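# Results of the structural survey
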Amino acid sequence: MASLPQIAEPAFAPRPSFGGAARASLVPTPLPELASPALSASWDAIASWASEPNPFYESWFLLPAARHFHADSNSVLRLEVDGNFAGLVPVCRAPNYYRWPIPVLGNWLHPNCFLGAPLVSAGAERAMWRALFDWADSTCQNELFLHLQDIPLDGPLHDALVAELHDQKRHAALVRRQSRVILRSSLDPEAYWQASLSGKKRKELRRQASRLGELGAVETLRQRDAEGVDLWIGQFLQLEASGWKGQAGSALECAEGTRALFSMALRGAALRGRLERLTMTLDGRPIAMLANFITGGAAFGFKTAYDESVAAWSPGVLLQRANLEVLNNPAVRWTDSCAYDDHPMIAHLWRERRPVGTYNIAIGGSARRFAATQFTRFELARSPLGAS
């Protein structure tokens with residue numbers, strides 16, 4: 001099968017410098033305009049300059065996601081700072097706030113989008129939040145507040161959010177706080193493996209690896225290029241659908257939208273050098289597969305699948321041991337598993353955590369802000385998920 005042509009890393013123009021008093025605004029931008037060569041190239045540059053990487057808001061992921069998941073009800077807001085394209089955030093108008101019939105504005109997520117941080121060039125974080133609040137104040141209709149989900153609670157982007165809220169004396173409440181499982185260590189892969197698991201557990205996994213090897217030739221392949229990516233995508237979709245997800249109807253292959261998003265996103269990431277693929281094979285047949293996105297000095301574990309017919313030998317866990325080689329990659333400072341600390345597998349292998357949360361932020365005039373503040377206090381009194 002012919003391989004896809006790799007997109008050479010573009011020679012970006014120098015990153016603009018953004019001052020605190022810069023003029024910033026958010027411009028609703030149609031998807032076809034964002035997909036134009038000029039804006040797409042600038043978008044890719046912003047992803048490389050961002051202080052908070054978010055592959056799910058990069059061009060190769062967001063465009064197919066918006067196309068296949070109700071794009072007509074969502075908007076992408078493009079940040080312009082002193083005339084420069086400096087970032088973007090997809091937003092939505094939701095008619096309900098969970099079980100309450102309360103309309104809200106918010107950042108747009110979907111079940112395969114694992115981070116809600118706006119994608120913004122380093123230095124323009126304050127400008128982004130200021131422009132987003134101005135936009136929400138001026139365009140809110142029946143919406144009670146701005147609901148921002150899955151925002152990292154550390155780093156420059158969050159620091160800018162806290163600072164802007166403070167300076168504007170704008171009420172905001174953290175209504176949900178979770179711990180994301182991440183991998184961040186100065187240890188080498190073998191030392192990390194030994195530190196994470198007991199000697200008894202490591203012995204058991206060695207036994208399982210040996211038993212798996214008795215079934216045939218076991219190999220693990222790591223790929224960072226676009227060679228054979230279409231074949232790999234098809235094999236992954238088939239492998240995932242062969243297990244319990246396929247039986248439950250939740251596998252990517254079971255719906256046209258998720259199948260198309262997975263295929264288009266992986267192709268786009270591979271063409272830009274953003275995709276890492278890990279495959280464990282048994283006599284040449286994939287038995288465990290993992291897709292990572294690598295961008296902005298971080299890696300993100302997007303999707304994994306394994307052959308349930310050999311589940312007794314833990315191929316998924318064994319592949320994650322191979323995945324620890326990312327610790328030897330100087331271009332990756334940390335890896336986000338895209339799973340929370342209640343995950344039955346990865347939470348026992350990776351020891352670091354990162355806080356991620358959801359904010360409700362007051363918008364509009366004084367009456368609306370008062371009502372939003374009272375509602376949020378009522379919500380936290382009933383269920384103090386983010387009271388810390």
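Small disclaimer: the values here were computed from a predicted structure and weren't measured. (Residues numbered from 1 in each chain as written. Predicted model: local features only at pLDDT ≥ 70, side-chain atom pairs only at ≥ 80, totals over all residues. Heavy atoms only, no water.)

Tallying secondary structure elements over the chain gives 13 helices and 13 strands in all. Scaling as 2.2 N^0.38, a compact globule of 388 residues should have a C-alpha radius of gyration of about 21 Å, and the chain matches this with 22 Å. Projected onto the principal axes, the alpha-carbon positions of the chain cover approximately 70 × 50 × 40 Å. By the burial criterion, 53% of the 388 residues in the chain qualify as buried. (Helix = DSSP H or I, 4+ residues; strand = E, 2+ residues; numbered from the N terminus. Rg over C-alpha atoms; globule rule 2.2 N^0.38 Å. Buried < 20%, exposed > 50% of the residue type's maximum accessible area, 1.4 Å probe, protein only.)

This brings us to the packing of aromatic side chains. Two aromatic rings, taken as a pair, are described by how far apart their centres are and by the angle between their planes. Under the criterion given, the structure shown has 22 aromatic pairs. Between Phe56 and Phe61, the ring centres sit 5.1 Å apart and the planes meet at 85 degrees, which makes this aromatic pair edge-to-face. Across this residue pair, the class does not change: Phe56 and Phe61 are buried. Centre to centre, the rings of Trp129 and Phe133 are 6.4 Å apart; their planes meet at 25 degrees, and the pair counts as stacked. Of this pair, Trp129 and Phe133 both sit in helix α4 (residues 125-139), separated by four residues, roughly a single helical turn. Note on Phe133: relative accessible area 0%, which makes it buried. (Phe/Tyr/Trp six-rings, centres within 6.5 Å; stacked < 30°, edge-to-face > 60°.)

Attention now moves to the side chain of Glu164. Mapping Glu164 onto the fold places it in helix α5 (residues 156-168). Glu164 gets classed as buried once you look at its relative accessible area, which sits at 4%. Side chain to side chain, Glu164 and Arg126 meet in a polar contact 2.6 Å long. Setting aside its immediate chain neighbours within four residues, Glu164 contacts Arg126, Trp129, Arg130 and Phe133. (Polar contact = N/O pair within 3.5 Å; in protein donor to acceptor, adjacent residues only side chain to side chain. Contact = heavy atoms within 4.5 Å.)

Our focus in this paragraph is the pairing of strand β7 (residues 172-183). As defined by bridge partners, β7 adjoins strand β13 (residues 352-362) across ten bridges and the pair is classed as antiparallel. Bridge pairing links Val181 to Arg353 in β13. Alignment of β7 against strand β12 (residues 334-340), held across three bridges, turns out to be antiparallel. Across the sheet, the residue bridging to Arg180 is Tyr340, located in β12. (Pairing = 2+ DSSP bridges.)

It is at 8 Å that the axes of α4 and α5 come closest, and there the two elements cross at 50 degrees. Relative to α5, the element α4 lies oblique. Every pair of crossing elements has a handedness; the one defined by α4 and α5 is right-handed. Of the residues in α5, those touching α4 at Glu125, Arg126, Trp129, Arg130 and Phe133 are Pro156, Leu157, Ala160, Leu161, Ala163, Glu164, Leu165, Asp167 and Gln168. Counted by class, the contact of α4 with α5 contains eight nonpolar, one polar and five charged residues. (Axes fitted to C-alpha atoms, helices over the stretch in contact; angles between N-to-C directions. Parallel < 35°, antiparallel > 145°, perpendicular 65-115°, else oblique. Left-handed = near helix turned anticlockwise from the far one by under 90°. Nonpolar A, V, L, I, M, F, W, Y, C, P; charged D, E, K, R; others polar.)

Along an α-helix, residues three or four apart share an orientation, since each turn contains 3.6 residues. Look at helix α10 (residues 256-271): 22 Å from first C-alpha to last across 16 residues, which is about the 22 Å you get at 1.5 Å a residue. Counting buried positions along α10 gives twelve out of 16 residues, so the element sits mostly inside the fold. Among all positions in α10, only Gly257, Thr258, Ala260, Leu261, Phe262, Ser263, Ala265, Leu266, Gly268, Ala269, Ala270 and Leu271 are buried. Considering only its buried residues, α10 is in contact with α3 (59-68), α8 (229-241), β9 (275-282), β10 (285-295) and β11 (298-306). Looking one or two residues past α10, Gly273 carries a phi angle of roughly 70 degrees, positive in sign. (Expected span 1.5 Å × (residues − 1).)

The subject of this paragraph is helix α11 (residues 315-323). The buried fraction of α11 is high, at eight of nine residues. The complete set of buried residues in α11 reads Pro315, Gly316, Val317, Leu318, Leu319, Gln320, Ala322 and Asn323.

Time to look at the nonpolar core. Within the largest apolar cluster, 83 residues are counted, with the highest numbers of intra-cluster contacts made by Phe56, Phe61, Leu79, Leu132, Phe262, Leu266 and Phe293. The dominant element in this core, judged by the number of residues it contributes, is α4, at eight residues. Not counting chain neighbours up to four residues away, the residues in contact with Phe61 comprise Pro55, Phe56, His110, Asn112, Leu261, Ala265, Phe293 and Phe302. Judged by nonpolar contacts, the second largest core, of 18 residues, contains Leu183, Ile294, Val317 and Leu327. (Core = buried A, V, L, I, M, F, W, Y, C linked by side-chain atoms within 4.5 Å.)

Moving on, we get to the state of the cysteines. Taken as a whole and judged by the stated rule, the model has zero disulfides. Looking at the unpaired Cys113, the closest cysteine sulfur is the one in Cys338, lying at 9.3 Å. Cysteine Cys140 is unpaired, with the sulfur of Cys92 as its nearest cysteine sulfur at 15 Å. The exposure class assigned to Cys140 is buried, which follows from its relative accessible area of 13%. (Disulfide = S-S within 2.5 Å.)

So, about the packing of α3 against α10. Remark: α3 packs on α10, axes separated minimally by 8 Å, with the N-to-C direction vectors making an angle of 160 degrees. Taken together, the axis directions place α3 and α10 in an arrangement best described as roughly antiparallel. Along this stretch, α3 crosses α10, giving a crossing that reads as right-handed. Along the contact surface, α3 presents Trp60, Phe61, Pro64, Ala65, Arg67 and His68, while α10 presents Gly257, Ala260, Leu261, Met264, Ala265, Gly268 and Ala269. Tallied by class, residues from the contact of α3 with α10 come to nine nonpolar, three polar and one charged.

Overall, the predicted model of the chain reaches an average pLDDT of 93, with 92% of residues at or above 70. Scored below 50 in pLDDT, residues 1-5 makes eleven contacts in the model with residues more than four places away or belonging to other chains. Scored below 50 in pLDDT, residues 7-11 makes five contacts in the model with residues more than four places away or belonging to other chains. (pLDDT = per-residue confidence, 0-100.)

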